[in-house]
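Structural characterization, general
These are the residues of each chain, in order.
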Amino acid sequence: MKTKKYLLIVFLSVCALFFYSCDNDDDAVAGQQTDSSEQDNSESGSITLYRVEGDRIVKKRDENVTGTNLEYQKDTKKHQQIWDLVKKIIPKEYMSKMSEFMIYSGEDSGSSGYVFETEKDLSKWQMGIAIDFAYEGGFNKDGELAYTIIHEFGHILSLEKEQVDSSINEESCKHYFPGEGCSKEDSYINTLYQNHWVDIWKEFNNVDPEKEEEAEKFYQKYKTRYVTQYASTNPGEDIAEVFATFVTSKAKPKGENGADKKVQRLYQKSELVKLRNYIRGNTQKSSERLLPIPGTWKNAKTIGDRNKSHCRLHKSR
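**Brief notes about the overall build of the protein chain**
When helices and strands are counted, the protein chain shows 13 helices and eight strands. Here the analysis covers contacts within the protein chain between residues at least 6 apart in sequence; of these, 67% occur between residues at least 24 apart. Per element, the accessible surface of the protein chain, about 14,100 Å² overall, is 45% carbon and sulfur.

Shown next as structure tokens:
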């Protein structure tokens, strides 16, 4: 991940392109839905937007870009190579949850990937991948791109309509409220919140988001609860990092700390174990290592904005 002070991210129910999905909170609060085709994102980092049809991507729009981003835009073979890796990770039956796929430049935000909902009921999502980071040091260097895709897929799995009810506002929500709606009682994110966040929630909210040293101090105090430092950003990033760790680790952890227990709990979900087996089996068919070496993601020293989620910072090399 590129180390930057703050991660530009957002839990939107409204955006349609990367700049809005990772930077504009006001619309998220208003809860308005914006049609992606109406946005001007020429300076947002957006490069090319695709429509997802089955397991194929069909170009929907090229953004008005210049310089390096224009070169990235013309290199559609790289777009397809990135998408081919997405297909190795996300099974066909889950592709129906994706409506759009964005190729963008992550340099300004420092993010390597993001997702956001394109339907109010959380049934459809757009995924974005930063092409500049996807090819930094070579395609999928050290499995970083694959890890990003798994992390973002984890967001979709934990926030889609079967997990979160978008019709319930925060005031009426009896469970964890991630921003898109009210999480269901037995949802992945609410289970994680109830077991690992409730007892420290007040302390977490007392951390000043403008003071990075306070976030660092909070993480160090509860370090054994988190699979990565980035997981301490908020429950949304926590569950996505736990899912990515669950998939990329070779075996079930045997420890008794909070981080290990979070991963162990996912092994109790047969649908997630099936997904893990699919991803690991499908990626191991390649002659090249596609997944990161277990444990390497723990080296990243990054914390995002606690009030936002859905993006992933790029790992510095």
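From this point on, the discussion continues.
**A closer look at the pairing of strand β3 (residues 98-104)**
With respect to burial, β3 is a largely interior element, seven of its seven residues being buried. Sheet topology places strand β1 (residues 46-53) next to β3; five bridges connect them, and they run antiparallel. In the strand pairing of β3, L49 is matched with M102. Of the strand pairs in this sheet, β3 and strand β5 (residues 125-130) are connected by six bridges, and their pairing is parallel.

**A short note on helix α7 (residues 144-159)**
Over its 16 residues, α7 runs 23 Å from end to end, which matches the ideal 22 Å to within 8%, given 1.5 Å per residue. Burial of α7 is extensive: 16 of the 16 residues sit out of reach of the surface.

**Quick look at the confidence of the model for the protein chain**
On average, residues of the protein chain score 84 in pLDDT, and 79% of them are at 70 or above. Segment residues 1-43: pLDDT under 50, and 141 contacts once partners within four positions in sequence are set aside and those in other chains are kept.

**Let's talk about the nonpolar core**
The nonpolar side chains of a soluble globular protein tend to be buried with one another. Ranked by internal contacts, the top residues of the largest apolar core, which has 64 residues, are I82, I90, F101, M127 and F243. The biggest single contributor to this core is α7, with nine residues. Apart from the residues lying within four places of it in its own chain, the contact partners of F243 are I150, F153, G154, L157, L266, L272 and L275. L49, M102, Y104 and F133 belong to the second largest nonpolar core, which has seven residues in total.

**Some remarks on the environment of Y176**
Take Y176: it is sitting in the loop between β6 (164-165) and β7 (182-183). Given a relative accessible area of 9%, Y176 falls into the buried group. Distance in space between the C-alpha atoms of Y176 and V198 is 9.5 Å, their sequence separation being 22 residues. Once residues lying within four places of it in the same chain are set aside, the contact partners of Y176 are G181, C182, S183, I189, N190, Y193, W201, P235 and G236.

**As for the state of the cysteines**
All chains considered together, the criterion is met by one disulfide. Paired through a disulfide, C173 and C182 show a sulfur-sulfur distance of 2.1 Å. The S-S bond linking C173 to C182 shows a torsion near 75°; that makes this disulfide right-handed. Residue C182 is classed as buried on the basis of its relative accessible area, which comes to 5%.

**Notes on helix α10 (residues 212-221)**
Those residues of α10 lying buried are A215, F218 and Y219. In a view along the axis of α10, the buried residues occupy a sector of 100°, so they form one face of it. With respect to the buried face of α10, the exposed residues turned more than 90 degrees away are E213, K217 and K221. Taken together, the buried residues of α10 touch α9 (201-205).

So, how was this worked out
- Position numbers for residues start from 1 in each chain and track the written sequence from start to end.
- Residue-level local features of this predicted model are given only where pLDDT is at least 70; pairs of side-chain atoms are given and counted only at 80 or more, and the full residue set underlies all totals for whole chains, interfaces and linings.
- Where side-chain values are given, they derive from all heavy atoms of the structure, hydrogens and water being excluded.
- Strands are runs of DSSP state E lasting at least two residues, helices are runs of H or I lasting at least four, and both sets are numbered from the N terminus onward.
- Between two residues, a contact is recorded if the distance between any of their heavy atoms is within 4.5 Å.
- Calculation of accessible area relied on Shrake-Rupley with a 1.4 Å probe; when residues are assessed, cover is drawn exclusively from the protein chains displayed.
- Buried means the residue's accessible area, taken with a 1.4 Å probe over protein chains only, is under 20% of the maximum for its type, while exposed means over 50%, and partly exposed covers the values in between.
- We treat two strands as partners when DSSP finds at least two bridges between them.
- Between the first and last residue of a helix there are one fewer steps than residues, each counted as 1.5 Å, and that sum is the expected span.
- How sure the predictor is of each residue is captured by pLDDT, a score from 0 to 100.
- Among buried residues, the Ala, Val, Leu, Ile, Met, Phe, Trp, Tyr and Cys ones that are joined through side-chain atoms within 4.5 Å form a nonpolar core.
- In this description, the term disulfide denotes a pair of cysteine sulfurs within 2.5 Å.
- Here the arc refers to the set of directions running from the helix axis out to each C-beta atom.

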